[in-house]
Amino acid sequence: MIDNSRDIAEYIHMNDGFMILTHINPDGDAIGSAAGLLRILRSLGKRSEFFMPENFSPKYLSLTNGLITKGPPDISSYPTIICVDFSSPERVSLPEKTRLQDLKNFIINIDHHPDNQIFGNLNLVDPGASAAAQVIFNLAKFADWPISPPAANCLLAGILMDTGGFKFDNTSPSALRAAASLIELGADYASLVRELFFSKNIGMARVESEIVKDLMKTAFDGKFAWAVIEDSLFTKNGLDPRESEGLIDVIRCIAGTVVVAFLYRNDDGMRFSLRSKDPSFSVGKIARKIGGGGHELAAGGFIKTDSINDAEKILLNEIGDKLNAG
Ligand SMILES: [Mn+2]
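Residues numbered from 1 in each chain as written. Predicted model: local features only at pLDDT ≥ 70, side-chain atom pairs only at ≥ 80, totals over all residues. Heavy atoms only, no water.

Peer 1: Where do I start with the pairing of strand β6 (residues 106-111) in this structure?
Peer 2: Along a regular strand, successive side chains alternate from one face of the sheet to the other. Where burial is concerned, most of β6 is hidden: five out of the six residues are buried. One ladder, built from five bridges, connects strand β5 (residues 80-84) with β6; its direction is parallel. Residue V84 lies in a different strand from β6, and its bridge partner there is I110. Where β6 and strand β7 (residues 122-125) come together, four bridges link them in parallel fashion. Note on β7: the bridge partner recorded for I110 is L124. (Buried < 20%, exposed > 50% of the residue type's maximum accessible area, 1.4 Å probe, protein only. Helix = DSSP H or I, 4+ residues; strand = E, 2+ residues; numbered from the N terminus. Pairing = 2+ DSSP bridges.)

Peer 1: Sorry, what's going on with helix α4 (residues 132-143) here?
Peer 2: For an α-helix the count is 3.6 residues per turn, leaving residues at separations of three or four pointing the same way. Relative to the 16 Å expected for twelve residues at 1.5 Å per residue, α4 spans 16 Å between its end C-alpha atoms, a close match to the ideal helical length. Across the twelve residues that make up α4, a large majority, nine, are buried. Regarding α4, the residues found buried are A132, A133, Q134, V135, I136, F137, L139, A140 and A143. Trailing α4 by a residue or two, D144 shows a phi angle of about 65 degrees, which is positive. (Expected span 1.5 Å × (residues − 1).)

Peer 1: How do you make sense of the domain arrangement of the protein when you look at a structure like this?
Peer 2: It is common to give the size of an interface as the accessible area lost on bringing the parts into contact. Domains assigned within the protein are domain 1 (2-197) and domain 2 (203-325). For domain 1 and domain 2, the distance between their C-alpha centres works out to 26 Å. Across the contact, 15 residues belong to domain 1 and twelve residues belong to domain 2. Buried area between domain 1 and domain 2, summed over both chains or domains, comes out near 1,200 Å², and the portion from carbon and sulfur atoms is 46%. (Domains from an automatic or database assignment. Contact = heavy atoms within 4.5 Å. Buried area = accessible area lost by both parts, 1.4 Å probe.)

Peer 1: Quick question: what am I supposed to make of the pattern of salt bridges here?
Peer 2: A pair can form between side chains of opposite charge whenever their charged atoms are brought close. Evaluation of the coordinates by the stated rule reveals eleven salt bridges. Put simply, K213 and D214 hold a salt bridge, and the shortest N to O gap is 3.5 Å. Connected through salt bridges with shared partners, the residues D115, R288 and E296 form a single ionic network. (Salt bridge = Lys/Arg side-chain N within 4 Å of Asp/Glu carboxyl O.)

Peer 1: Got a minute to help me understand the sheet that holds β6 in this structure?
Peer 2: One open sheet accounts for seven strands, arranged β1-β7-β6-β5-β2-β3-β4; its pairing is mixed. The open sheet terminates on both sides in strands that have one partner only, identified here as β1 (2-3) and β4 (68-69). Each of β1, β2 (18-21), β5, β6 and β7 is contacted by helix α1 (residues 5-14), which is oriented at about 125 degrees to β7, the strand it contacts most. Those strands touched by α4 are β5, β6 and β7, and its axis lies near 115 degrees from that of β6. (Axes fitted to C-alpha atoms, helices over the stretch in contact; angles between N-to-C directions.)

Peer 1: Any chance you could explain helix α11 (residues 283-290) here in plain terms?
Peer 2: Here α11 has its buried residues at V283, G284, I286, A287 and I290. Buried positions in α11, seen along its axis, are confined to an arc of 160 degrees and lie on one side of it. Opposite the packed face of α11, turned more than 90 degrees from it, sit the exposed residues K285 and K289. On its buried face, α11 is in contact with β10 (259-266), β11 (269-276), β12 (292-294), β13 (298-303) and α12 (308-325). Its side-chain oxygen at 3.3 Å from the backbone nitrogen of G284, S282 defines the N-terminal cap of α11. Looking at the residues trailing α11, positive phi occurs at G291, about 115 degrees. (Arc of directions from axis to C-beta. Polar contact = N/O pair within 3.5 Å; in protein donor to acceptor, adjacent residues only side chain to side chain.)

Peer 1: When you look at the coordination of the manganese ion in this model, what are you seeing that I'm missing?
Peer 2: Six octahedral donors around a metal ideally subtend angles of 90 or 180 degrees, whereas four tetrahedral donors ideally subtend 109.5 degrees. Protein-derived coordination of the manganese ion comes from D29 (OD), D85 (OD), H112 (NE2) and D162 (OD), at a distance range of 2.1 to 2.3 Å. Mapped onto the sequence, the residues coordinating the manganese ion show the spacing D-x55-D-x26-H-x49-D. Note that D29 is positioned in helix α2 (residues 28-43) and H112 in the loop between β6 and β7, a separation of 83 residues in sequence. The class of D29 is buried, set by a relative accessible area of 0%. (Donors = N, O, S within 2.8 Å, 3.2 Å for Na, K, Ca; no water.)

Shown next as structure tokens:
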């Protein structure tokens, strides 16, 4: 853990003008932690913005209502950039051709990924935290910053989504304590759970059944299951392909699977998601080897091939080796 909490709290206290950025293809933790931090900074009277150029799942709209700046960011008017929930500068969600590495702003890096490159001028990286939202909650508590009910709601949403509603292995006593505190601060747990987990679009239910029925393949006695997911699967069911967060759980939850993968083919190339149910089987290691990164049990990235066959072969090789070795 890299913990510059004291310096970050003091720096934010002494300075003004903060632009918050998160990662491409933003998930619930990216949006919840960034929007939560924005609400906290604004309640401290700090001039701040959460810039995010991408579309995201409508289930997060109630958290971010009007909070996100989509237009071209006025980066030079913010002396400081705060990065949340991503491990390397290349992952940042900025308009094309704007590179975080080229900017002169002071950078604060707040994250929970174990492979974080510690790219900030100040860094707070806690791989033991379930979510970036939990890291921000801890920082706010340390710095004695007020957390309003809407801010608590955003942070709890981040923790809920990164722990899969407290079902994944990163559900720790500290994650549950942070969640309990956020509920005491006014987060509406029941409404969040309803919006995030019990409001499945009927099109999504069809996508899920189609994956299990037609697209899923297995190998190694069913210990490895995967599916190739094309954008058309979403569009023909009236969905945006960005709605894929958590979708991989539809095969992860099948008994007997140890490692599961999705291969997404679209115009950007071949993206992959990997999940492991066995703490001794690190998909993070595999992801880092084949062009991605992430946590030990949840990882992803881009495979450097346009061919589904090649991508499948790469995965089968890497995973088969490890399954056989274990
Ligand atoms: Mn996260």
